[in-house]
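Observations on the model geometry
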Amino acid sequence: MSKTIPDKLTNFLQMMLPERNELLRKIEQECQEDYIPLVAPETGQFLQVMVEAFKPKRILEVGTGIGYSTILMATTGDGWERHITTIEIDTTRYARACQNFRDAQIADIVNPLLGNASDIIPTLTDNYDFVFMDAAKGQYPDFFSKVWPLLNSRAMLVIDNVFLNGWVIDMTWPERRKKTMVCRVRDLLETLKKHPELATSLIPLGDGLAVSVRR
Ligand SMILES: C[S@@+](CC[C@H](N)C(=O)[O-])C[C@H]1O[C@@H](n2cnc3c(N)ncnc32)[C@H](O)[C@@H]1O
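This one's a predicted model, so the numbers in the text were calculated from it and none came from an experiment.

Criteria and thresholds
Residues numbered from 1 in each chain as written. Predicted model: local features only at pLDDT ≥ 70, side-chain atom pairs only at ≥ 80, totals over all residues. Heavy atoms only, no water. Axes fitted to C-alpha atoms, helices over the stretch in contact; angles between N-to-C directions. Helix = DSSP H or I, 4+ residues; strand = E, 2+ residues; numbered from the N terminus. Contact = heavy atoms within 4.5 Å. Nonpolar A, V, L, I, M, F, W, Y, C, P; charged D, E, K, R; others polar. Near = heavy atom within 4 Å. Polar contact = N/O pair within 3.5 Å; in protein donor to acceptor, adjacent residues only side chain to side chain. Patch = residues over 30% accessible without salt bridge, like charges linked within 9 Å, V, L, I, M, F, W, Y side chains within 5 Å. Areas by Shrake-Rupley, 256 points an atom, 1.4 Å probe, with all protein chains shown as cover. Salt bridge = Lys/Arg side-chain N within 4 Å of Asp/Glu carboxyl O. Phe/Tyr/Trp six-rings, centres within 6.5 Å; stacked < 30°, edge-to-face > 60°. Buried < 20%, exposed > 50% of the residue type's maximum accessible area, 1.4 Å probe, protein only. Lys NZ or Arg CZ within 6 Å of the ring centre and 35° of its normal. Parallel < 35°, antiparallel > 145°, perpendicular 65-115°, else oblique. Left-handed = near helix turned anticlockwise from the far one by under 90°.

Glancing now at the packing of helix H7 (residues 140-147) against helix H9 (residues 179-194). When two helices pack together, their arrangement is captured by the angle between the axes and the distance separating the axes. Closest axis-to-axis distance for the H7/H9 pair is 8 Å, and the angle between their directions is 35°. Contacts between H7 and H9 involve Tyr140, Pro141 and Phe144 on the former and, on the latter, Arg184, Val185, Leu188, Thr191 and Leu192. Per-class residue counts for the contact of H7 with H9 are 6 nonpolar, 1 polar and 1 charged.

This paragraph deals with the site of the ligand. Close to the ligand lie 22 residues; Val39, Ser69, Glu88, Ala117 and Asp134 are nearest. Between the ligand and Gly63, the relevant distance is 2.9 Å, taken from a nitrogen atom to a main-chain nitrogen or oxygen of the residue. The contact in question runs from a nitrogen atom of the ligand to an N or O atom on the backbone of Ile89, over 3.2 Å. Going through the elements one at a time, helix H4 (68-75) and strand E2 (83-88) are the ones with two or more residues in the shell around the ligand. Counted by class, the shell around the ligand contains 10 nonpolar, 7 polar and 5 charged residues.

Take a nonpolar patch on the surface next. On the surface, Leu9, Phe12, Met15 and Met16 cluster together into a nonpolar patch covering about 430 Å² of accessible area. Looking at where Leu9 falls in the secondary structure, it is placed in helix H1 (residues 7-15).

The subject of this paragraph is the packing of aromatic side chains. Both the distance between ring centres and the angle between the ring planes are used here to describe each pair of aromatic rings. Taken as a whole, this structure holds 2 aromatic pairs when the rule is applied. When the ring of Phe144 is compared with that of Trp148, the centres are 6.0 Å apart and the planes differ by 40°; the resulting orientation is tilted. For Phe144, a relative accessible area of 7% translates into the label buried. Its guanidinium or amino end placed over the ring of Trp80, Arg82 lies 3.7 Å from that ring's centre, counting from NZ or CZ. The ring of Trp148 is capped by Arg214, whose NZ or CZ atom sits 3.8 Å from the centre of that ring.

Looking now at the side chain of Asn100. Mapping Asn100 onto the fold places it in helix H5 (residues 91-103). A relative accessible area of 4% means that Asn100 is categorised as buried. Within the local environment of Asn100, its side chain forms a polar contact with the backbone oxygen of Ile66, the two atoms lying 2.8 Å apart. Setting aside residues no more than four positions away along its own chain, Asn100 makes contact with Leu23, Lys26, Ile27, Ile66 and Ile71.

Turning our eyes to something else, we now look at the packing of helix H2 (residues 22-34) against H5. Close contact between H2 and H5 brings their axes to 11 Å; oriented N to C, the two are set at 165°. By the angle class used here, H2 and H5 are roughly antiparallel. Viewed along their axes, H2 and H5 form a crossing whose handedness is right-handed. Counting all contacts with H2, which are made through Leu23, Lys26, Ile27, Glu30 and Asp34, the residues of H5 involved are Arg96, Asn100 and Asp103. The residue makeup of the contact of H2 with H5, split by class, is 2 nonpolar, 1 polar and 5 charged.

As structure tokens, this is what we get:
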């Protein structure tokens, strides 16, 4: 768990969140028990607010996990028509996500894809109004370059965990094999900052979010 954001603030932000329904609480519990990563609750709430504000019709998620954030994006707001494509590389998580989509009664609006997002994104034929990226952090620059041509004008791109436990801020890494990942995420943030067709803001929520809008 990142200590970049003080615990006192995180606890307060989480105390101020609305109640999650039974299915979401069950998935949170399962993720905790089975060591499955999912968005921080305050990040999930932010995601829902962004989705409600933008009302995207086509959403792409990179990194399904067992479907928690997909359900948040699919169920928030007043039921405008939306469709979510979500990609997961892990077979067991993919199967559990599919069951959770049935339980949440959103299977008709979610297209779950099993495989490596690096291979799958270039095969997608739709364009997207909203993209949530939450998968292998070392692959973020690759995902970004492949997602970029699919972004509609005014599309929003939300990327999770861009602080990487604070390593990206300090440019430190606990072990040598994490160096490439940290450098790649920092490079991606530089790319977003300088990109003439993107307006980007970094938000200190959870483990850090990069939020961009295509101009
Ligand atoms: C942080 S979890 C996603 C959590 C999910 N967004 C949520 O909040 O419920 C990241 C997921 O990305 C998946 N993943 C990692 N690398 C991937 C890749 N190259 N392509 C697709 N999925 C990948 C992992 O298996 C993992 O389940």
